[in-house]
Amino acid sequence: MTETLTGDAPVSRAAALPRHPPGDLAIWVFILAELLAFGVFFAVYAVTRMKNAALFDAMQPNLDRNAGAINTVLLLAGSWCVARSVDSIARDARPASVRWLGAAIACGGGFLVVKVFEYAAKFAAGINLATNDFYMFYLSLTFFHFMHVILGMAILIAVWIKARAGGYSAADHRGMETGAAYWHMVDLVWIILFPLVYVMR
Amino acid sequence: MNVTPTRGIARRLDLVFAFLVAATGVTWLVGETGSAGPAAVALILGLALVKGWLVIREFMLLRRASLLWNLVVAGWLVLILATIALTYWKALR
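Computed from a predicted model, the values in this text were never measured in an experiment.

## Focus: the overall build of chain A
Part 1 of the argument: Looking only at helices and strands, one finds seven helices and zero strands in chain A.
Part 2 of the argument: In chain A, the succession of helices and strands from N to C terminus is α-α-α-α-α-α-α.
Part 3 of the argument: Once the C-alpha set of chain A is aligned to its principal axes, its extents read approximately 60 × 35 × 20 Å.
Part 4 of the argument: Of all 201 residues assigned to chain A, the portion counted as buried reaches 54%.
Part 5 of the argument: Relative to all contacts within chain A whose residues are 6 or more apart in sequence, the contacts with residues 24 or more apart total 80%.
Part 6 of the argument: Taken as a whole, chain A presents about 8100 Å² of accessible surface, with 68% of it coming from carbon and sulfur.

Set out below in structure tokens:
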């Protein structure tokens, strides 16, 4: 109990492995795999842009930067809400924890809605994967991320349902930390995606 | 029950979030003004580095994990941003 009050994770007695961040070790292995996949995607985008800088710079102003920025804020807010939810449960403030989770899910839902409108505008303009290299990357990279937001939402909703049922406590909220870690990963990736695809020129 | 330390964590999370939103505003402004070139790109990639670092340390709570975990995740962030910066720079020449 003292550990959570001072903000430190309980020290594992099995010191054979380096102390991993809060959440199941399995989710952290999965997060590393996800970061690797996104990392490769970002690197390929960067190298393709290097070879076609004129095309990328000509196409990029057509993107909806306002939608991109709003979505950045929604993901940051969702991440913040989840962090506050975990902090609340660590203090056994269960109703607050459930409310923060609900707010995080709302932020994720907002992201999806904004993105759907963004895609709809692009498709209405006749843009698709075959339009050119820039749009191929814009659509595939953001849609790859979009699917991760959906998975993150599914995880958060499952955690929210269990939290509402009183399934977490200050002493035991590993499951919530596990879901939170995945959600933060989705945010972390977008923090690179937004400047890279929407702003850098 | 002494809850002061954890309330401190909540305030810390709020401050991190406020900074993240402010930094996003700067990146948005760079885009809106159509700023191009190495200085603008250094600024937005630098902000992405700081934002990513804060999310890793404060939200994902890597600050409670071992040095090795911090090196791996922060190393990913630095490697990706360095790759982006390098390819941008090479495209200028």
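Next comes the rest of the write-up.
## Focus: the interface of chain A and chain B
Part 1 of the argument: Listed by partner, the interface residues are 52 residues for chain A and 50 residues for chain B.
Part 2 of the argument: Counting every contact that joins chain A to chain B gives two salt bridges.
Part 3 of the argument: For B:Glu32, the salt bridge is made with A:Arg65, and the minimal N-O distance between the two is 3.2 Å.
Part 4 of the argument: For the pair chain A and chain B, the interface holds 11 residue pairs in polar contact (both at pLDDT 80 or more).
Part 5 of the argument: Secondary-structure elements contributing two or more residues to the side of chain A that touches chain B are helix H1 (2–6), helix H2 (25–51), helix H4 (65–90) and helix H7 (174–199) of chain A.
Part 6 of the argument: With 13 residues, H2(A) is the largest single contributor of residues to the side of chain A that touches chain B.
Part 7 of the argument: Residues of the side of chain A that touches chain B, tallied by class, amount to 35 nonpolar, eight polar and nine charged.

## Description of H7(A)
All names here are of chain A.
Part 1 of the argument: Relative to the 38 Å expected for 26 residues at 1.5 Å per residue, H7 spans 37 Å between its end C-alpha atoms, a close match to the ideal helical length.
Part 2 of the argument: At Leu193, H7 shows its strongest bend, of approximately 30°, with the proline Pro195 following within four residues.
Part 3 of the argument: H7 sits mainly inside the fold: 24 of its 26 residues count as buried.

## Examining the packing of helix H5 (residues 94–124) of chain A against helix H6 (residues 133–164) of chain A
All names here are of chain A.
Part 1 of the argument: The geometry of H5 relative to H6 is characterised by a closest axis approach of 10 Å and an angle of 155° between their N-to-C directions. In terms of axis orientation, H5 runs roughly antiparallel to H6. The two elements H5 and H6 cross, and the hand of that crossing is left-handed.
Part 2 of the argument: By residue class, the composition of the contact of H5 with H6 is 22 nonpolar, five polar and four charged.

## Quick notes on the confidence of the model for chain A
Part 1 of the argument: Here chain A averages 93 in pLDDT, and 92% of its residues register 70 or above.
Part 2 of the argument: Long-range and interchain partners of residues 1–7 of chain A, a stretch whose pLDDT sits below 50, account for 14 contacts in this model, where long-range means more than four residues apart.

## Some points on the nonpolar core
Part 1 of the argument: Judged by nonpolar contacts, the single largest core of 88 residues is most densely connected at A:Phe42, A:Val197, A:Tyr198, B:Met60 and B:Ile84.
Part 2 of the argument: The greatest single-element share of this core, amounting to 18 residues, is contributed by H7(A).
Part 3 of the argument: If near-sequence neighbours (up to four positions away) are discounted, B:Ile84 is found in contact with A:Ala46, A:Ile192, A:Leu196, A:Met200 and B:Leu45.

## Some details on the pattern of salt bridges
Part 1 of the argument: Summed over all chains, the structure comprises nine salt bridges over all chains.
Part 2 of the argument: A salt bridge links A:Asp57 to A:Arg49, with the nearest nitrogen and oxygen atoms 3.1 Å apart.
Part 3 of the argument: With a shortest N-O distance of 3.0 Å, A:Glu118 and A:Lys115 are connected by a salt bridge. Here the residue A:Glu118 and the residue A:Lys115 both occupy positions in helix H5, the gap between them amounting to three residues, near one helical turn. Judged on exposure class, the residue A:Glu118 and its partner A:Lys115 are both buried.
Part 4 of the argument: Within the structure, one salt-bridge network assembled from shared partners comprises B:Arg12, B:Glu58 and B:Arg63.

## Quick notes on unusual backbone geometry
Part 1 of the argument: In this structure, A:Asp92 is a non-glycine residue whose phi angle is positive, near 65°.
Part 2 of the argument: Take A:Asp92: its relative accessible area is 38%, and that puts it in the partly exposed class.
Part 3 of the argument: With phi around 60°, B:Leu61 is a residue other than glycine that occupies positive phi space.
Part 4 of the argument: Considering the arrangement of structural elements, one finds B:Leu61 in the loop between helix H2 (38–59) and helix H3 (67–92).

## As for H6(A)
Residue and element names in this part refer to chain A.
Part 1 of the argument: Its 32 residues give H6 an end-to-end C-alpha distance of 46 Å, which sits within 8% of 46 Å, the value for a rise of 1.5 Å per residue.
Part 2 of the argument: With a side-chain oxygen positioned 3.0 Å from the backbone nitrogen of Phe134, the residue opening H6 is Asn132.
Part 3 of the argument: Gly166, located one to two residues past H6, shows a positive phi value of around 75°.

## Some remarks on the packing of aromatic side chains
Residue and element names in this part refer to chain A.
Part 1 of the argument: Throughout the structure, instances matching the rule amount to 21 aromatic pairs over all chains.
Part 2 of the argument: Residues Tyr119 and Phe123 carry aromatic rings whose centres are separated by 6.2 Å and whose planes lie at 20° to one another, so their mutual orientation is stacked. Remark: Phe123 and Tyr119 occur in helix H5; sequence separation between them is four residues, near one turn of the helix.
Part 3 of the argument: Residue Tyr119 is classed as buried on the basis of its relative accessible area of 8%.
Part 4 of the argument: For Phe123, a relative accessible area of 49% corresponds to the partly exposed category.

Thresholds applied
- Residues numbered from 1 in each chain as written.
- Chains lettered and ligands numbered in written order.
- Predicted model: local features only at pLDDT ≥ 70, side-chain atom pairs only at ≥ 80, totals over all residues.
- Heavy atoms only, no water.
- Helix = DSSP H or I, 4+ residues; strand = E, 2+ residues; numbered from the N terminus.
- Buried < 20%, exposed > 50% of the residue type's maximum accessible area, 1.4 Å probe, protein only.
- Contact = heavy atoms within 4.5 Å.
- Areas by Shrake-Rupley, 256 points an atom, 1.4 Å probe, with all protein chains shown as cover.
- Salt bridge = Lys/Arg side-chain N within 4 Å of Asp/Glu carboxyl O.
- Polar contact = N/O pair within 3.5 Å; in protein donor to acceptor, adjacent residues only side chain to side chain.
- Nonpolar A, V, L, I, M, F, W, Y, C, P; charged D, E, K, R; others polar.
- Expected span 1.5 Å × (residues − 1).
- Bend = angle between axes of the 7 residues up to and from the residue.
- Axes fitted to C-alpha atoms, helices over the stretch in contact; angles between N-to-C directions.
- Parallel < 35°, antiparallel > 145°, perpendicular 65-115°, else oblique.
- Left-handed = near helix turned anticlockwise from the far one by under 90°.
- pLDDT = per-residue confidence, 0-100.
- Core = buried A, V, L, I, M, F, W, Y, C linked by side-chain atoms within 4.5 Å.
- Phe/Tyr/Trp six-rings, centres within 6.5 Å; stacked < 30°, edge-to-face > 60°.

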